[in-house]
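# Structure assessment
Listed here are the chains, written in short residue letters.
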Amino acid sequence: MATVEKLTPEEVTAKNYPALAPVAPLLGPGHDYESISDTITSVVVEKPHPPGWFIMAAVGMCFLSLLGISTAYLFARGTGTWGVTIPIAWGFAIINFVWWIGIGHAGTLISAVLLLLRQDWRNAINRFAEAMTIFAVACAGMFPLLHLGRPWVAFFILPYPNSMGLWPQFRSPLVWDVFAISTYGSVSLLFWYIGLIPDFATCRDRAKNRFAQIAYGMASLGWRGSSRHWFRYETASMLLAGLCTPLVVSVHSIVSFDFSASQLPGWHTTIFPPYFVAGAIYAGFAMVLTMALPVRKWYKMESIITTRHIDNMAKVMLTVGLIVCYGYASELFYAWYSGSSYERFMMWNRIWAGPYRYAYWALIVCNFVVPQLLWIKSVRVNPIPLFGVCMFINVGMWLERYVIVVTSLTRDFLPSSWGTYHGTIWDWGIFAGTLGFFTVCMCLFIRFMPMVAIHEIRVTHHKNTSHGH
Amino acid sequence: MSTNTVTLPFGLSRLRGIAIMAGPVFLLVAIGLSFALSGDPDTGRSVGIDTFFQAYLFGYLLWFGIAMGSLALILIHHLTGGAWSFVTQRILEASTRTLPLLFVGFIPILVGPLMWAINGSAVGNLYQPWLNMEDAEIIVQNKEAYLNAGFWIARVFFYFAVWIGIMSLFNHWSKKLDETGDGNIAVKFKRFAPLCLIAYCLTMTFASTDWALSLEPAYFSTMYAPLFWISQALTTLAFTTIILSKLAQTKPLAEYVTVDHYHHLGNLIMGFTVLWAYMSFSQYLITWSANLPEEIIYYTARRSPSLAVLAVCLMAFHFLVPLLLLLWKRGKRSPNYLTKVCYWILFWRLADVFWFVSPAFHHEAPGVYLKDLLVYGSAWIGIGGIWIWAFLGQLQKRSVIAVNDPRLYEAVTHKKPPEVLEHA
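The structure displayed is predicted, hence computed values, not measured ones.

### A look at the nonpolar core
All names here are of chain B.
- Ranked by size, the top nonpolar core spans 291 residues in total, and within it W163 and W211 carry the most contacts.
- In terms of residue count, helix 2 (residues 49-80) provides more of this core than any other element does, 20 residues in total.
- Residue contacts for W211: discarding those within four places in its chain leaves L57, Y60, L61, F64, F106, Y127, W152, V156, Y159, F160 and W163.

### What about helix 5 (residues 126-147) of chain A?
Residue and element names in this part refer to chain A.
- With 22 residues, helix 5 should reach 32 Å at 1.5 Å per residue; the first-to-last C-alpha distance of 32 Å fits that figure.
- Taken across its 22 residues, helix 5 has 17 buried, putting it largely inside the fold.
- With its phi angle positive at about 85°, G149 sits one or two positions after the end of helix 5.

### Looking at helix 3 (residues 51-77) of chain A
All names here are of chain A.
- Taking 1.5 Å of rise per residue, 27 residues should cover 39 Å, and helix 3 covers 39 Å from first to last C-alpha, within 8% of that figure.
- Considered for burial, the residues of helix 3 that qualify are G52, W53, M56, A57, G60, L67, S70, T71 and L74.
- Immediately downstream of helix 3, the backbone of G78 shows phi near 90°, a positive value.

### Some thoughts on unusual backbone geometry
- Residues I86 of chain A and P87 of chain A are joined by a peptide bond in cis, for which omega reads 20°.
- Within the secondary structure, P87 of chain A is located in the loop between helix 3 and helix 4 (92-116).
- Its identity as a non-glycine residue notwithstanding, N291 of chain B has a phi of 55°, on the positive side.
- Examined against the element boundaries, N291 of chain B turns out to sit in the loop between helix 11 (259-290) and helix 12 (293-300).
- Judged by relative accessible area, N291 of chain B falls into the partly exposed class, the value being 49%.

### Some points on the confidence of the model for chain A
- Of all residues in chain A, 94% have pLDDT values of 70 or greater, and the mean over the chain is 89.
- When the criterion is pLDDT under 50, residues 1-6 of chain A qualifies, and its contacts beyond four places in sequence or with other chains add up to 16 contacts.

### Here's the deal with the environment of A93 of chain A
Residues and elements named next belong to chain A.
- Relative to the helices and strands, A93 resides in helix 4.
- Residues A93 and T133 lie 40 residues apart in sequence; the distance between their C-alpha atoms is 19 Å.
- Filtering out sequence-adjacent residues up to four positions away, A93 remains in contact with W82, F143 and H147.

### Things to note about the pattern of salt bridges
All names here are of chain A.
- Applying the stated criterion across every chain yields a total of 14 salt bridges over all chains.
- Note that R401 is salt-bridged to E400, the shortest N-O span being 3.8 Å.
- The class of E400 is buried, set by a relative accessible area of 2%.
- Overlapping salt bridges, with partners in common, bring together D311, K315 and R380 in one network.

Criteria and cut-off values
Residues numbered from 1 in each chain as written. Chains lettered and ligands numbered in written order. Predicted model: local features only at pLDDT ≥ 70, side-chain atom pairs only at ≥ 80, totals over all residues. Heavy atoms only, no water. Core = buried A, V, L, I, M, F, W, Y, C linked by side-chain atoms within 4.5 Å. Buried < 20%, exposed > 50% of the residue type's maximum accessible area, 1.4 Å probe, protein only. Helix = DSSP H or I, 4+ residues; strand = E, 2+ residues; numbered from the N terminus. Contact = heavy atoms within 4.5 Å. Expected span 1.5 Å × (residues − 1). pLDDT = per-residue confidence, 0-100. Salt bridge = Lys/Arg side-chain N within 4 Å of Asp/Glu carboxyl O.

If you want it as structure tokens, here you go:
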């Protein structure tokens with residue numbers, strides 16, 4: 001028997017197996033260590049910004065203004081300006097909250113889980129995705145605060161000894177949300193910032209003006225790139241990745257408990273925790289690609305964020321999308337299998353007889369039908385159709401939450417409590433406003449911070465040139 | 001280049017001999033005990049042969065779970081292209097080739113609904129609560145379109161047709177790759193794996209509903225089937241690791257298996273252990289918190305002191321202890337240590353399956369009964385004896401490593417071969 005030690009890499013490739021057929025590179029040709037740093041830092045310290053960036057920032061600013069106006073009006077007039085009513089007491093606030101939290105998950109998955117799984121292709125997109133996590137969590141956090149009606153007493157949700165003898169209801173998943181999301185936000189922020197430190201130091205060394213040198217110098221915390229620094233950096237990264245990994249699952253599981261711990265048909269179903277986590281990753285990857293595809297084009301980053309990255313992300317998206325669709329099918333089947341008239345009515349109302357059936361079928365088109373195009377490689381590696389598919393998924397994942405929240409609440413157990421729900425202009429205003437906030441934050445991030453982790457791309461280059469040994 | 005058959009290490013070949021003798025003997029013991037320790041019908045406890053059929057289902061689900069878990073892991077392995085798992089590929093494939101035997105082994109479970117459909121006999125019938133719809137609650141009667149003997153039996157044939165079809169296809173290609181070294185086969189693996197994995201998930205969803213969930217027909221849970229997949233994968237990984245450690249003691253596998261492989265397997269087992277706990281706990285929390293009559297019956301039937309103790313033990317010994325044991329990196333890299341953890345996990349897999357199967361038959365007087373433990377244990381060894389014999393027989397038939405697979409270099413050296421780049 002031939003032992004593998006005798007099978008050299010040359011012999012393996014010489015066999016020319018199709019499985020080892022040409023693949024897109026993880027790093028474009030012609031790069032060396034210097035050119036990698038140049039390409040990435042030039043966006044921050046030198047390069048004039050393309051028109052696309054200005055358009056994106058301008059549109060974002062307009063929407064951000066809308067957030068200011070809508071919020072001011074809300075504070076002046078109260079939550080009655082929203083479409084919420086009984087029986088729909090949550091409405092857009094919870095829909096948008098869940099949507100944004102979900103979007104943040106891709107960042108943590110890419111940066112933590114893929115790091116632990118040793119997936120090198122994460123290197124070019126992790127920084128971008130982590131930034132999205134932070135901004136998405138910030139957007140999500142606005143909704144519960146605004147929905148309180150009196151956001152200045154939001155701290156009541158925290159358990160602290162007080163003269164009123166007031167404690168949160170620890171059995172409520174809403175309280176768990178507070179702990180889960182604040183932990184998630186803090187750890188994600190820390191992880192993101194630690195990753196940025198070496199790159200801030202690179203920007204400090206390359207900055208052209210004094211103010212930028214001082215700012216990047218302070219942000220880099222005195223990083224000198226010594227081996228001791230790198231050792232501690234790597235240790236901290238692995239530890240934080242280990243901490244973040246359970247958070248990927250726990251946060252959206254707890255968000256799903258907000259619904260599933262109730263008795264309401266359409267909300268109360270046991271598959272919700274993993275199904276919500278899969279949905280979060282699905283939405284998150286779609287949003288990462290939505291932002292990364294145009295930015296990569298504008299800044300001519302195709303050699304850093306290559307078609308291989310895009311292809312891999314599309315494959316992850318297809319996989320988790322199918323898991324989400326399994327959730328839809330499972331809900332459908334078990335509602336029928338249950339034999340419960342309430343469950344069966346809920347599903348019949350959702351898919352056929354109810355006023356929101358169009359939303360359900362639109363979500364099936366967006367989240368199931370259209371993403372099946374991702375089975376085709378040319379769709380996965382071509383930015384334009386891929387961008388289109390991602391937009392469908394972005395809309396579809398919002399509709400999913402809309403369907404869960406609205407169809408279930410409008411038709412609960414008692415026909416006397418049935419109602420209808422539609423978001424008002426102020427609901428839409430705040431939602432659009434958070435989109436603006438997110439876009440502006442992303443623009444500022446691209447403008448002032450290295451959007452790709454320089455040192456990690458250098459590691460990729462090192463592995464490529466040394467054959468992974 | 002490759003040897004066509006494998007000489008099993010002495011321990012395994014001796015095990016095979018013992019297994020085929022122990023199998024039928026323990027099945028007879030299970031039947032005998034079932035009659036000898038007959039329960040009292042007034043307490044709702046099983047009478048006569050009924051306990052044997054219940055125990056048979058318990059034992060069957062465990063061994064069947066290894067074969068199906070192997071099928072799923074092979075598909076995931078080809079889909080993701082994770083090269084390191086190649087060292088377990090032939091063990092998994094041998095396990096899947098027992099599916100035709102398992103189909104035959106399903107006959108005792110099939111016979112109840114079949115006899116009911118033919119002559120209305122209720123003897124040894126595991127699914128009486130829904131077969132006899134006249135006495136069933138309204139919520140169960142509403143399920144008659146799905147839960148009826150004819151459709152149920154037809155589905156059994158359909159599931160096995162799909163599983164044996166997928167198994168035959170992948171085993172055939174694997175053999176062909178060994179014989180011809182045709183690299184195109186590796187592409188076929190990758191191309192068909194996702195579709196077959198979807199088929200596995202869907203069929204296993206319905207099969208778990210038919211065979212296990214419907215034992216308590218009023219209850220339903222959307223988490224049940226995913227929990228079934230995860231449990232199967234965990235059992236399979238623990239079992240496969242044990243077999244791998246035995247095979248790797250001698251050549252040819254000894255040349256290929258490194259501590260890194262054990263490390264990866266240990267990590268995967270830890271991951272699936274956590275996933276099992278996550279899903280089990282989520283299902284419990286959601287059901288407990290809503291406290292709906294049609295759902296909470298599942299947990300109230302498991303609330304007797306002995307079953308509650310078992311549930312706590314499952315949390316401690318099926319989740320917490322393996323998790324802590326597998327966090328230790330050096331341990332995971334030691335075949336001896338990891339194998340012991342796998343034996344531990346396999347034992348608690350038995351306890352978990354007992355926890356979800358047995359109480360379904362004792363709703364009026366829930367509890368852990370000595371009679372059940374004896375009959376269930378005997379049936380498990382009985383079915384396992386025959387299954388192990390068949391499995392080791394299949395394992396002997398083919399080369400223990402896929403020497404012609406293009407991914408082998410990476411599997412063994414843990415180094416990527418240089419990529420042929422599109423734009424290089």
